[in-house]
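Examination of the molecular architecture
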Amino acid sequence: MHIENNIPSFLDFWESTAHPTVADLETYLNEHEKIYEKYFPNHCPRTEERLVAALEKYDDKMADIRSISNHLPAIIQEMDEIVEQTFGLGLDLSFRLIVGTFGSNAFVTRDNRREIYFAVEKLSAERDHLKVITAHEIGHVTHFALAARSGIDWSTVDWGHGLTTLFTEGAATYLSKRTVPGLQKPVYFTYDDEGEPWVKCYEDNKAEVKRRFLEDALGEWDMAKEREWFRLSGGSYFGYNRLGYILGTDYVEQLVERIGEDAALTFWNGNELKADILDWLRA
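Residues numbered from 1 in each chain as written. Predicted model: local features only at pLDDT ≥ 70, side-chain atom pairs only at ≥ 80, totals over all residues. Heavy atoms only, no water.

1. Thoughts on helix α2 (residues 22–31)
- Taken together, the buried positions of α2 are occupied by Val22, Leu25, Tyr28 and Leu29. Down the axis of α2, the smallest arc covering the buried residues is 125 degrees, so these residues share one side. Of the exposed residues in α2, the ones pointing more than 90 degrees away from its buried face are Ala23 and Glu31. (Buried < 20%, exposed > 50% of the residue type's maximum accessible area, 1.4 Å probe, protein only. Helix = DSSP H or I, 4+ residues; strand = E, 2+ residues; numbered from the N terminus. Arc of directions from axis to C-beta.)

In C-alpha coordinates form, the structure reads like this:
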(Lines give C-alpha, C1' and ligand atoms only; values in the text may rest on other atoms or scores of the structure.)
Protein backbone atom coordinates (compact mmCIF):
# COMPACT_ATOMS: atom_id res chain seq x y z
CA MET A 1 0.00 0.00 0.00
CA HIS A 2 1.15 3.51 -0.84
CA ILE A 3 -0.30 6.79 0.43
CA GLU A 4 0.63 10.06 -1.28
CA ASN A 5 -0.53 12.98 0.87
CA ASN A 6 -0.56 16.14 -1.25
CA ILE A 7 -2.57 18.18 1.24
CA PRO A 8 0.48 19.86 2.88
CA SER A 9 1.53 21.36 -0.48
CA PHE A 10 -1.90 22.97 -0.83
CA LEU A 11 -1.75 24.25 2.75
CA ASP A 12 1.65 25.81 2.01
CA PHE A 13 0.15 27.54 -1.03
CA TRP A 14 -2.88 28.77 0.91
CA GLU A 15 -0.93 30.03 3.88
CA SER A 16 1.74 31.76 1.78
CA THR A 17 -0.74 33.83 -0.23
CA ALA A 18 -2.54 36.66 1.57
CA HIS A 19 -5.59 36.84 -0.69
CA PRO A 20 -5.42 34.06 -3.28
CA THR A 21 -6.90 34.88 -6.68
CA VAL A 22 -8.08 32.64 -9.49
CA ALA A 23 -4.73 33.27 -11.17
CA ASP A 24 -2.91 32.12 -8.01
CA LEU A 25 -5.02 28.95 -7.84
CA GLU A 26 -4.45 28.29 -11.54
CA THR A 27 -0.71 28.63 -10.98
CA TYR A 28 -0.82 26.15 -8.12
CA LEU A 29 -2.84 23.66 -10.15
CA ASN A 30 -0.50 24.01 -13.13
CA GLU A 31 2.55 23.49 -10.92
CA HIS A 32 0.97 20.27 -9.63
CA GLU A 33 -0.55 19.12 -12.91
CA LYS A 34 0.46 15.50 -12.38
CA ILE A 35 -1.47 15.36 -9.11
CA TYR A 36 -4.67 16.64 -10.68
CA GLU A 37 -4.59 14.95 -14.08
CA LYS A 38 -7.13 12.31 -13.03
CA TYR A 39 -9.30 14.79 -11.10
CA PHE A 40 -9.87 17.30 -13.89
CA PRO A 41 -12.09 17.13 -15.91
CA ASN A 42 -13.68 13.72 -15.26
CA HIS A 43 -14.41 14.35 -11.59
CA CYS A 44 -14.62 18.12 -11.55
CA PRO A 45 -14.90 20.73 -14.31
CA ARG A 46 -11.96 23.13 -14.35
CA THR A 47 -13.77 26.37 -15.12
CA GLU A 48 -13.25 29.91 -13.87
CA GLU A 49 -16.66 29.80 -12.20
CA ARG A 50 -15.66 26.63 -10.35
CA LEU A 51 -12.35 28.09 -9.17
CA VAL A 52 -13.96 31.33 -8.00
CA ALA A 53 -16.52 29.37 -5.98
CA ALA A 54 -13.79 27.17 -4.49
CA LEU A 55 -11.76 30.16 -3.35
CA GLU A 56 -14.82 31.43 -1.48
CA LYS A 57 -15.29 28.10 0.32
CA TYR A 58 -11.77 27.11 1.34
CA ASP A 59 -11.52 29.25 4.48
CA ASP A 60 -14.53 27.57 6.09
CA LYS A 61 -13.04 24.14 5.38
CA MET A 62 -9.42 24.80 6.31
CA ALA A 63 -9.60 23.41 9.88
CA ASP A 64 -11.18 20.21 8.56
CA ILE A 65 -8.60 19.95 5.77
CA ARG A 66 -5.74 20.19 8.28
CA SER A 67 -7.37 17.60 10.54
CA ILE A 68 -7.97 15.21 7.65
CA SER A 69 -4.36 15.58 6.53
CA ASN A 70 -3.25 14.50 9.99
CA HIS A 71 -5.66 11.61 10.50
CA LEU A 72 -6.77 10.15 7.16
CA PRO A 73 -3.53 8.25 6.37
CA ALA A 74 -3.83 6.20 9.57
CA ILE A 75 -7.52 5.56 8.88
CA ILE A 76 -6.68 4.34 5.38
CA GLN A 77 -4.11 1.97 6.86
CA GLU A 78 -6.68 0.64 9.35
CA MET A 79 -9.38 0.08 6.73
CA ASP A 80 -6.94 -1.54 4.32
CA GLU A 81 -5.86 -4.00 7.02
CA ILE A 82 -9.46 -4.91 7.90
CA VAL A 83 -10.36 -5.58 4.26
CA GLU A 84 -7.20 -7.66 3.76
CA GLN A 85 -7.99 -9.72 6.87
CA THR A 86 -11.53 -10.28 5.59
CA PHE A 87 -10.90 -11.12 1.93
CA GLY A 88 -7.16 -11.78 1.61
CA LEU A 89 -6.95 -10.29 -1.88
CA GLY A 90 -3.54 -8.61 -1.58
CA LEU A 91 -4.86 -5.48 -3.25
CA ASP A 92 -1.67 -3.37 -2.95
CA LEU A 93 -3.58 -0.09 -3.22
CA SER A 94 -2.35 3.42 -3.97
CA PHE A 95 -4.04 6.45 -2.40
CA ARG A 96 -3.74 10.09 -3.40
CA LEU A 97 -4.97 12.76 -0.99
CA ILE A 98 -5.62 16.11 -2.65
CA VAL A 99 -7.45 19.37 -2.06
CA GLY A 100 -9.73 19.76 -5.05
CA THR A 101 -12.21 22.40 -6.15
CA PHE A 102 -15.42 20.96 -4.69
CA GLY A 103 -16.23 18.30 -7.29
CA SER A 104 -16.19 14.57 -6.50
CA ASN A 105 -15.29 13.65 -2.93
CA ALA A 106 -13.51 10.34 -3.70
CA PHE A 107 -13.11 7.93 -6.59
CA VAL A 108 -11.29 4.91 -7.97
CA THR A 109 -9.42 5.97 -11.11
CA ARG A 110 -10.75 4.74 -14.43
CA ASP A 111 -7.45 3.43 -15.77
CA ASN A 112 -6.17 1.81 -12.58
CA ARG A 113 -8.60 -0.12 -10.38
CA ARG A 114 -6.05 -0.10 -7.56
CA GLU A 115 -5.74 3.71 -7.29
CA ILE A 116 -8.03 5.79 -5.08
CA TYR A 117 -8.29 9.59 -4.81
CA PHE A 118 -9.74 11.58 -1.92
CA ALA A 119 -10.60 15.24 -2.54
CA VAL A 120 -10.62 16.20 1.11
CA GLU A 121 -12.30 19.61 0.87
CA LYS A 122 -15.55 17.66 0.32
CA LEU A 123 -15.11 15.36 3.34
CA SER A 124 -16.25 15.50 6.93
CA ALA A 125 -13.33 15.41 9.35
CA GLU A 126 -15.16 13.10 11.78
CA ARG A 127 -13.29 9.83 12.22
CA ASP A 128 -16.26 7.50 11.61
CA HIS A 129 -17.22 9.43 8.49
CA LEU A 130 -13.69 9.11 7.11
CA LYS A 131 -13.66 5.41 7.91
CA VAL A 132 -16.90 4.85 5.99
CA ILE A 133 -15.92 6.71 2.83
CA THR A 134 -12.52 4.99 2.87
CA ALA A 135 -14.23 1.61 3.26
CA HIS A 136 -16.60 2.51 0.43
CA GLU A 137 -13.78 3.26 -2.01
CA ILE A 138 -11.80 0.20 -0.96
CA GLY A 139 -15.10 -1.65 -1.34
CA HIS A 140 -15.15 -0.74 -5.03
CA VAL A 141 -11.67 -2.17 -5.51
CA THR A 142 -12.57 -5.28 -3.51
CA HIS A 143 -15.68 -5.78 -5.64
CA PHE A 144 -13.64 -5.51 -8.84
CA ALA A 145 -10.93 -7.82 -7.50
CA LEU A 146 -13.47 -10.48 -6.52
CA ALA A 147 -14.90 -10.33 -10.04
CA ALA A 148 -11.44 -10.63 -11.58
CA ARG A 149 -10.67 -13.62 -9.37
CA SER A 150 -13.89 -15.27 -10.56
CA GLY A 151 -12.74 -14.87 -14.17
CA ILE A 152 -15.01 -12.06 -15.37
CA ASP A 153 -14.57 -10.86 -18.95
CA TRP A 154 -14.51 -7.09 -18.45
CA SER A 155 -15.43 -6.49 -22.09
CA THR A 156 -18.91 -7.83 -21.30
CA VAL A 157 -19.57 -5.15 -18.66
CA ASP A 158 -21.70 -2.21 -19.82
CA TRP A 159 -19.95 0.44 -17.76
CA GLY A 160 -22.03 3.25 -19.20
CA HIS A 161 -25.40 1.92 -18.02
CA GLY A 162 -27.09 2.89 -14.79
CA LEU A 163 -27.95 -0.71 -13.95
CA THR A 164 -24.22 -1.44 -13.74
CA THR A 165 -23.64 1.64 -11.61
CA LEU A 166 -26.53 0.62 -9.37
CA PHE A 167 -24.81 -2.72 -8.76
CA THR A 168 -21.29 -1.36 -8.21
CA GLU A 169 -22.36 1.44 -5.87
CA GLY A 170 -24.64 -0.94 -3.99
CA ALA A 171 -21.80 -3.44 -3.60
CA ALA A 172 -19.35 -0.80 -2.38
CA THR A 173 -21.87 0.47 0.17
CA TYR A 174 -22.65 -3.08 1.30
CA LEU A 175 -18.93 -3.69 1.81
CA SER A 176 -18.48 -0.42 3.71
CA LYS A 177 -21.22 -1.50 6.13
CA ARG A 178 -19.47 -4.83 6.54
CA THR A 179 -16.08 -3.17 7.16
CA VAL A 180 -17.35 -0.41 9.50
CA PRO A 181 -20.43 -1.89 11.18
CA GLY A 182 -22.76 -0.39 13.73
CA LEU A 183 -23.14 3.22 12.56
CA GLN A 184 -26.35 5.07 11.82
CA LYS A 185 -27.68 4.09 8.38
CA PRO A 186 -27.41 7.56 6.76
CA VAL A 187 -23.66 7.73 7.40
CA TYR A 188 -23.08 4.95 4.85
CA PHE A 189 -24.65 7.06 2.12
CA THR A 190 -23.80 10.68 2.91
CA TYR A 191 -20.56 10.20 4.92
CA ASP A 192 -21.67 12.79 7.48
CA ASP A 193 -24.40 13.34 10.07
CA GLU A 194 -26.76 15.15 7.69
CA GLY A 195 -28.25 12.17 5.88
CA GLU A 196 -31.35 11.33 7.91
CA PRO A 197 -33.78 13.34 5.70
CA TRP A 198 -32.13 11.78 2.63
CA VAL A 199 -32.75 8.23 3.88
CA LYS A 200 -36.27 9.14 5.05
CA CYS A 201 -37.07 10.46 1.57
CA TYR A 202 -36.04 7.11 0.11
CA GLU A 203 -37.92 5.02 2.66
CA ASP A 204 -41.09 7.12 2.32
CA ASN A 205 -40.99 6.97 -1.47
CA LYS A 206 -39.33 3.58 -2.10
CA ALA A 207 -41.97 2.22 -4.47
CA GLU A 208 -41.94 5.39 -6.54
CA VAL A 209 -38.13 5.55 -6.52
CA LYS A 210 -37.98 1.99 -7.86
CA ARG A 211 -40.63 2.76 -10.47
CA ARG A 212 -38.86 5.92 -11.63
CA PHE A 213 -35.47 4.20 -11.85
CA LEU A 214 -37.06 1.33 -13.79
CA GLU A 215 -38.55 3.83 -16.22
CA ASP A 216 -35.16 5.47 -16.73
CA ALA A 217 -33.34 2.13 -17.03
CA LEU A 218 -35.73 0.86 -19.72
CA GLY A 219 -35.04 3.93 -21.85
CA GLU A 220 -31.72 5.04 -23.29
CA TRP A 221 -29.30 5.77 -20.46
CA ASP A 222 -27.55 9.12 -20.67
CA MET A 223 -25.49 11.49 -18.55
CA ALA A 224 -28.56 13.36 -17.32
CA LYS A 225 -29.86 10.13 -15.78
CA GLU A 226 -26.42 9.28 -14.41
CA ARG A 227 -26.27 12.67 -12.69
CA GLU A 228 -29.79 12.36 -11.34
CA TRP A 229 -29.24 8.99 -9.67
CA PHE A 230 -25.52 8.86 -8.86
CA ARG A 231 -23.93 12.32 -8.86
CA LEU A 232 -23.86 15.10 -6.30
CA SER A 233 -25.38 17.38 -8.96
CA GLY A 234 -28.57 15.29 -9.20
CA GLY A 235 -31.75 15.29 -7.14
CA SER A 236 -34.39 16.84 -9.38
CA TYR A 237 -36.86 13.94 -9.08
CA PHE A 238 -37.23 13.67 -5.31
CA GLY A 239 -35.20 16.58 -3.95
CA TYR A 240 -32.22 14.45 -2.89
CA ASN A 241 -29.23 13.42 -4.98
CA ARG A 242 -27.63 9.97 -5.38
CA LEU A 243 -30.72 7.96 -4.44
CA GLY A 244 -29.28 5.28 -6.73
CA TYR A 245 -26.77 4.48 -3.99
CA ILE A 246 -29.39 3.44 -1.47
CA LEU A 247 -31.48 1.72 -4.14
CA GLY A 248 -28.40 -0.24 -5.21
CA THR A 249 -27.61 -1.18 -1.63
CA ASP A 250 -31.13 -2.53 -1.17
CA TYR A 251 -30.67 -4.62 -4.31
CA VAL A 252 -27.30 -6.03 -3.23
CA GLU A 253 -28.48 -6.78 0.31
CA GLN A 254 -31.47 -8.78 -0.92
CA LEU A 255 -29.20 -10.54 -3.42
CA VAL A 256 -26.86 -11.54 -0.59
CA GLU A 257 -29.83 -12.90 1.36
CA ARG A 258 -31.01 -14.78 -1.72
CA ILE A 259 -27.80 -16.42 -2.96
CA GLY A 260 -25.06 -15.69 -0.41
CA GLU A 261 -22.32 -13.07 -0.23
CA ASP A 262 -19.71 -14.59 -2.55
CA ALA A 263 -22.23 -15.33 -5.29
CA ALA A 264 -23.88 -11.92 -4.92
CA LEU A 265 -20.67 -9.91 -5.19
CA THR A 266 -19.60 -11.83 -8.31
CA PHE A 267 -23.10 -12.03 -9.79
CA TRP A 268 -22.17 -9.92 -12.82
CA ASN A 269 -19.90 -12.77 -13.97
CA GLY A 270 -21.94 -15.33 -15.93
CA ASN A 271 -25.41 -14.09 -14.96
CA GLU A 272 -27.95 -11.72 -16.49
CA LEU A 273 -27.35 -8.92 -14.01
CA LYS A 274 -29.40 -6.30 -15.81
CA ALA A 275 -32.39 -8.59 -16.20
CA ASP A 276 -32.22 -9.58 -12.52
CA ILE A 277 -32.17 -5.95 -11.39
CA LEU A 278 -35.09 -5.11 -13.68
CA ASP A 279 -37.10 -8.01 -12.24
CA TRP A 280 -36.33 -6.77 -8.72
CA LEU A 281 -37.37 -3.23 -9.62
CA ARG A 282 -40.68 -4.52 -11.00
CA ALA A 283 -41.44 -6.64 -7.92
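Now that the structure has been shown, we can carry on.
2. Remarks on the sheet that holds strand β4 (residues 115–119)
- Taken in spatial order, the four strands line up as β1-β2-β4-β3 in an open sheet, and their pairing is mixed. Strands with a single pairing partner mark the edges of an open sheet, and in this sheet they are β1 (2–5) and β3 (106–108). Averaged over all neighbouring strand pairs, the angle between strand axes comes to 15 degrees, with direction disregarded.
- Where β3 lies against β4, three bridges are found, and the strand directions are antiparallel. From the neighbouring strand, valine 108 faces β4, where its bridge partner is isoleucine 116. (Pairing = 2+ DSSP bridges. Axes fitted to C-alpha atoms, helices over the stretch in contact; angles between N-to-C directions.)

3. A few points about a negative patch on the surface
- On the surface, a cluster of negative charge is contributed by Glu126, Asp128, Asp193 and Glu194.
- For aspartate 193, the position within the fold is in the loop between α7 (187–190) and α8 (196–204).
- Under the relative-accessibility criterion, aspartate 193 is labelled exposed at 56%. (Patch = residues over 30% accessible without salt bridge, like charges linked within 9 Å, V, L, I, M, F, W, Y side chains within 5 Å. Areas by Shrake-Rupley, 256 points an atom, 1.4 Å probe, with all protein chains shown as cover. Salt bridge = Lys/Arg side-chain N within 4 Å of Asp/Glu carboxyl O. Lys, Arg positive; Asp, Glu negative; His and termini not counted. Charge placed at Lys NZ, Arg CZ, Asp CG, Glu CD.)

4. Regarding the packing of aromatic side chains
- All chains considered together, the criterion is met by 31 aromatic pairs.
- Ring geometry for phenylalanine 144 and tryptophan 159: centres 5.8 Å apart, planes at 85 degrees, overall edge-to-face. Of this pair, phenylalanine 144 sits in helix α5 (residues 127–149) while tryptophan 159 is found in the loop between α5 and α6 (162–179), placing the two residues 15 residues apart along the sequence.
- For tryptophan 159, a relative accessible area of 36% translates into the label partly exposed.
- Aromatic side chains phenylalanine 230 and tyrosine 245 sit 6.3 Å apart centroid to centroid with 50 degrees between the ring planes, which places their arrangement in the tilted category. Here tyrosine 245 lies in helix α11 (residues 243–259) and phenylalanine 230 lies in helix α10 (residues 223–230), a separation of 15 residues in the sequence.
- Residue tyrosine 245 is classed as buried on the basis of its relative accessible area of 10%. (Phe/Tyr/Trp six-rings, centres within 6.5 Å; stacked < 30°, edge-to-face > 60°.)

5. Regarding the layout of surface pockets
- Put simply, the largest pocket is a space of about 1200 Å³.
- Forming the walls of the largest pocket are 40 residues, and the residues nearest its centre are His43, Arg110, Glu169, Glu226 and Arg231.
- Counting only elements with at least two residues in the lining of the largest pocket, the list comes to β3, α5, α6 and α10.
- Counting residues per element, the lining of the largest pocket draws most heavily on α5, at five residues.
- Its residues placed into classes, the lining of the largest pocket shows 16 nonpolar, 13 polar and 11 charged. (1 Å grid on protein atoms, 1.4 Å probe; cavity = no way out; pocket = protein on both sides within 12 Å on 5 of 7 lines; lining within 4 Å. Points joined across faces, edges and corners; volume = space filled by probe spheres on them. Nonpolar A, V, L, I, M, F, W, Y, C, P; charged D, E, K, R; others polar.)

6. Description of the pattern of salt bridges
- Summed over the entire model, instances satisfying the criterion amount to 20 salt bridges.
- Measuring nitrogen to oxygen at the nearest pair gives 2.6 Å for the salt bridge that ties glutamate 115 to lysine 38. Placement of the pair is glutamate 115 in strand β4 and lysine 38 in the loop between α3 (33–36) and α4 (48–87), with a sequence separation of 77 residues.
- Where aspartate 250 meets lysine 206, a salt bridge forms, and the shortest distance between an N and an O atom there is 3.5 Å. Placement of aspartate 250 in helix α11 and of lysine 206 in helix α9 (residues 206–218) is noted, with a sequence separation of 44 residues between them.
- Using a relative accessible area of 30% as the deciding quantity, one classes lysine 206 as partly exposed.

7. Examining the nonpolar core
- One finds Tyr58, Phe118 and Phe213 to be the most contacted residues of the largest nonpolar core, which totals 96 residues.
- Here this core takes 13 residues from α4, the largest share from any one element.
- If we skip the residues at most four places from it in the chain, phenylalanine 213 touches Gly162, Leu163, Leu166, Trp221, Trp229, Phe230, Leu247 and Leu281. (Core = buried A, V, L, I, M, F, W, Y, C linked by side-chain atoms within 4.5 Å. Contact = heavy atoms within 4.5 Å.)

8. Considerations on the side chain of threonine 142
- Along the chain, the position of threonine 142 falls in helix α5.
- Among all residues touching threonine 142, those that are not within four sequence positions of it are Val83, Phe87, Leu89, Leu91 and Leu175.

9. A word on the environment of tyrosine 58
- Residue placement: tyrosine 58 occurs in helix α4.
- For the pair tyrosine 58 and tryptophan 14, spaced 44 residues apart in the sequence, the C-alpha separation amounts to 9.1 Å.
- Dropping the residues within four chain positions of it, tyrosine 58 is found in contact with Phe10, Trp14, Leu25, Val99, Gly100, Thr101 and Phe102.

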